[in-house]
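# Structural overview for review
Spelled out from the first residue to the last, the chains are:
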Amino acid sequence: MWPGICRKAPASCYAATKRGYGRAFPCHASPYRRTAKRSDWANLHLGLLYSDAGVYAQASYGYYTARSEGTKRKKYSNHNQGYKTQKSIAMAVKIVIPSKAFLQDLESRGQRLRSAGPGLDLHSAKGKTAHIHDLIQNGPNQKKMRSALAASRSQGVYHALANLCTFVIDEEQIDESYFKNAFDATIRENVEVASVTPAEISQESLATLPEFWHKKKLNLDGSLTGRNINVGVIDSGIYASHQEFAGKQIKFAEFDSVGKLVGTTPKDYGTHGTHVCGLLAGKNAGVAPDASLTVAACLTERGGTAGYLAQILGGLNYLLEQGSDNDTQEGRVHLINASIESASGFNDYLHGALDMALTEPGTLMIAAIGNNGSKGKNSDSSPGNYDLTLGIGALDENDQVASFSSWGTVAQLGNITKPDISAPGVWLYSSLSGPGNQYFKQSGTSMASPVAAGIAALLLERQPELITQPLKLKELLLNMVIPLQDVERAGKGRINLSS
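Residues numbered from 1 in each chain as written. Predicted model: local features only at pLDDT ≥ 70, side-chain atom pairs only at ≥ 80, totals over all residues. Heavy atoms only, no water.

### Notes on the overall build of the chain
Defined as follows: Numbering of helices and strands runs from the N terminus, with a helix taken as a DSSP run of H or I at least four residues long and a strand as a DSSP run of E at least two residues long. Contact between two residues is taken to exist if any of their heavy atoms lie within 4.5 Å; hydrogens are not considered. Accessible surface is estimated by sampling points in the Shrake-Rupley manner with a 1.4 Å probe; for residues, cover comes only from the protein chains shown.
The helix and strand inventory of the chain stands at 15 helices and 26 strands. Long-range contacts, defined as pairs at least 24 residues apart, comprise 74% of the intrachain contacts of the chain with a sequence gap of at least 6. Surface summary for the chain: the accessible area is close to 19,500 Å², and the carbon and sulfur share equals 48%.

### Regarding the nonpolar core
Applicable threshold: Throughout this description, the term nonpolar core refers to a set of buried Ala, Val, Leu, Ile, Met, Phe, Trp, Tyr and Cys residues connected via side-chain atoms within 4.5 Å. Only protein chains enter the calculation, and the probe is 1.4 Å; a residue is then buried if its accessible area is under 20% of its type maximum, exposed if over 50%, and partly exposed in between.
Formed by 57 residues in total, the largest nonpolar core has its most connected members in F179, F183 and L350. In terms of residues, this core owes the most to one element, helix 11 (residues 309-321), which gives eight residues. Formed by 52 residues, the second largest nonpolar core is a distinct cluster that contains C277, A291, A452 and L459.

### Examining the environment of L164
Relative to the elements of secondary structure, L164 occurs in the loop between strand 6 (159-161) and strand 7 (166-170). What makes L164 buried here is its relative accessible area of 2%. Sequence separation between L164 and L313 is 149 residues; the distance between their C-alpha atoms is 8.1 Å. Look past the residues within four positions of L164 in its chain and what remains in contact with it is L313, L316, N317, L320, A353 and M356.

### What about the pairing of strand 16 (residues 335-338)?
Inclusion rule: Following DSSP output, two strands are said to pair if at least two bridges run between them.
Side chains L335 and N337 project from strand 16 onto one buried face, and the interleaved I336 and A338 project onto a second face that is buried too. Relative to strand 16, strand 11 (residues 230-235) is paired through four bridges, and the arrangement is parallel. Bridging across to strand 16, V233 finds its partner in N337. Of the strand pairs in this sheet, strand 16 and strand 18 (residues 364-368) are connected by four bridges, and their pairing is parallel. Note that in strand 18 the partner of A338 across the bridge is A367.

### Remarks on the pattern of salt bridges
Heads up, the rule is: Salt bridges are defined as contacts in which a side-chain nitrogen from Lys or Arg sits within 4 Å of a carboxyl oxygen from Asp or Glu.
This structure, assessed with the given rule, holds 14 salt bridges. With a shortest N-O distance of 2.6 Å, E176 and K94 are connected by a salt bridge. Of the two residues, E176 is situated in helix 8 (residues 176-183) and K94 in strand 5 (residues 93-97); the sequence distance between them amounts to 82 residues. Accessibility expressed as a relative area gives 25% for E176, which makes it partly exposed.

### Some thoughts on the sheet that holds strand 17 (residues 340-341)
A sheet is described by the order of its strands in space; here three strands give the open sequence 15-9-17, paired in antiparallel fashion. Of all strands in the sheet, those with a lone pairing partner are strand 15 (306-308) and strand 17, marking the two edges. Summarising the sheet, strand 9 (residues 192-195) and strand 17 pair through two bridges and their orientation is antiparallel. From the neighbouring strand, A194 faces strand 17, where its bridge partner is E341.

### Side note on the confidence of the model for the chain
Rules: A residue's pLDDT is simply how confident the predictor is in it, with values from 0 to 100.
Per-chain confidence: the chain averages 80 in pLDDT, with 74% of residues scoring 70 or above. Per-residue pLDDT stays below 50 along residues 1-84; that stretch engages in 166 contacts with residues further than four places along the chain or on separate chains.

### Quick word on helix 10 (residues 272-281)
For helix 10, a buried count of 10 out of 10 residues is recorded, marking the element as mostly surrounded by other parts of the structure. Looking only at helix 10, the buried set comprises H272, G273, T274, H275, V276, C277, G278, L279, L280 and A281.

### Examining the packing of aromatic side chains
We apply this condition: Centres within 6.5 Å make a pair out of two Phe, Tyr or Trp rings, where for Trp the six-membered ring is used; the pair is then stacked when the planes are under 30 degrees apart, edge-to-face when over 60, and tilted otherwise. Over a ring means this: the NZ of a Lys or the CZ of an Arg is within 6 Å of the ring centre and within 35 degrees of the ring normal.
One pass over the structure, following the stated rule, counts seven aromatic pairs. Ring plane angle 90° and centroid distance 5.8 Å describe the contact between Y178 and F183, whose orientation is recorded as edge-to-face. Look at F179 and F183: their rings are 6.0 Å apart centre to centre, the planes differ by 40°, and that puts the pair in the tilted class. One end of the pair is F179 and the other is F183, both in helix 8 and four residues apart, which spans about a single turn. The pair F179 / F183 is uniform in exposure class, with both members buried. One Lys or Arg, K441, reaches over the ring of W427 and ends 5.2 Å from the middle of that ring. Stacked on the ring of W407, the Lys or Arg R489 has its end atom at 4.6 Å from the ring centre.

### Notes on the sheet that holds strand 24 (residues 439-443)
Put simply, the rule reads: For helices, the fitted line uses only the C-alpha atoms of the stretch in contact; every axis is such a line through C-alpha atoms, and the angle between N-to-C directions lies from 0 to 180 degrees.
Spatial ordering of the open sheet is given by 10-24-23, a layout of three strands whose pairing is antiparallel. Unpaired on one side and paired on the other, strand 10 (200-201) and strand 23 (428-431) mark the two borders of the sheet. Direction of pairing for strand 23 relative to strand 24: antiparallel, over a ladder of four bridges. Following the sheet pairing, S430 is matched in strand 24 by F440. Of the strands in this sheet, strand 23 and strand 24 touch helix 10, which is tilted by about 105° from strand 23.

### Digging into unusual backbone geometry
Cis rather than trans, the peptide bond between S382 and P383 has omega equal to 15°. Within the fold, P383 resides in the loop between strand 18 and strand 19 (390-395). Of the consecutive residues K418 and P419, the connecting peptide bond is found in the cis state with omega at 5°. Phi is positive for R302, close to 50°, though the residue is something other than glycine. Note that R302 resides in the loop between strand 14 (292-297) and strand 15. The residue W427 is not glycine, and still its phi comes out positive at about 50°. If you trace the backbone, W427 turns up in the loop between strand 22 (421-424) and strand 23.

Pasting the structure below:
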């Protein structure tokens with residue numbers, strides 16, 4: 001019998017009814033009915049998964065119950081009484097990522113089992129995640145695993161990122177051999193991830209509108225503005241009160257060190273995110289001034305310059321979740337900008353997650369290639385050097401590649417060359433986080449990336465059919481360039497909408 005498709009509801013379901021947990025609701029992976037409190041039902045975005053602890057799946061932000069909220073908040077906030085600090089919590093979790101081969105096999109088996117379980121959905125990422133959770137709880141090691149998951153939940157750190165088929169679990173409770181054998185999973189440490197730190201930062205700011213040379217260079221005529229396009233941003237946040245964002249539709253979510261949603265009030269933990277958002281979609285500085293923004297604040301450490309892998313994954317999961325709960329996909333993120341990096345060189349820490357992101361309906365990530373060009377060739381960083389992303393290098397006003405702009409050949413991915421293309425990224429003015437509607441300038445591939453993302457938003461406005469064709473979008477962007485002499489370091493050339 002396929003694990004998770006039960007012949008009858010377990011006795012504990014009926015025991016829960018007797019204990020007063022209320023009416024029954026259908027199980028996600030079974031035609032039979034199980035029980036849930038109304039408070040749990042209210043939190044439900046994905047079908048129901050039963051556990052003895054009464055825990056259900058909430059697709060957007062993970063698995064937990066309303067009953068555990070008080071414990072979780074206490075663990076996260078009461079540092080003065082010996083509880084874990086945010087960094088120690090981050091270091092005390094591991095990230096479980098089932099292999100692509102396992103997920104593909106799961107999908108093919110799901111086709112054969114559909115008649116056995118009409119509610120079984122193993123095509124979508126959410127369906128796979130829900131079923132894996134059910135397998136963990138009801139498989140051969142169910143007693144051991146339920147105990148481990150309950151202990152992990154009590155620490156406030158067990159949750160699933162349903163759009164990425166990824167699980168975050170307390171390292172003290174995880175049985176690595178079980179996950180590797182059962183799901184062919186990779187187990188990752190919750191490592192620190194940095195923003196692509198600007199190569200140059202001006203110490204002066206302006207209260208008046210500066211000259212935005214990058215917009216002149218791109219020859220934008222104003223006929224396309226990014227209207228009806230929603231761009232996701234993974235960064236340090238956004239200072240939404242700046243005049244650059246007046247009247248703009250902005251959706252915001254902040255994630256803690258283990259990838260859980262902790263706030264929805266816009267803020268910037270530094271200045272990086274606000275500068276990036278201004279270049280992308282600001283009223284004056286932005287390449288796509290009418291585009292909407294969905295911002296995931298994941299770089300909340302060290303003044304908004306760093307975060308943790310679980311935070312990045314939590315933010316990515318959130319961006320992919322948008323618009324998935326309605327038939328029209330209203331609110332869906334059409335494109336993602338990420339000015340983040342691992343240490344110089346290839347690191348596959350996000351490769352599997354971005355592979356999932358490209359699946360139907362699919363979302364392309366545009367990413368900075370890195371600011372380590374002074375170190376020479378192969379100084380590029382991930383995720384900008386992935387085959388799945390559009391990696392962006394930086395140019396100055398004269399179309400010269402910036403000395404700091406990284407480049408290289410990625411041996412792990414068949415010797416592909418990076419960056420893919422380049423965009424203006426030297427001394428670009430944009431919005432400064434904080435009161436006063438100030439502007440300041442920075443240099444970096446993390447400035448070039450949102451400029452390129454802005455062009456991509458304009459292209460999506462012009463050709464909306466590309467919204468569901470992220471690989472086609474990438475292909476067109478690769479050919480929308482003005483070729484430059486320094487092919488090795490500039491990629492195919494400078495991005496240009498009219499090319």
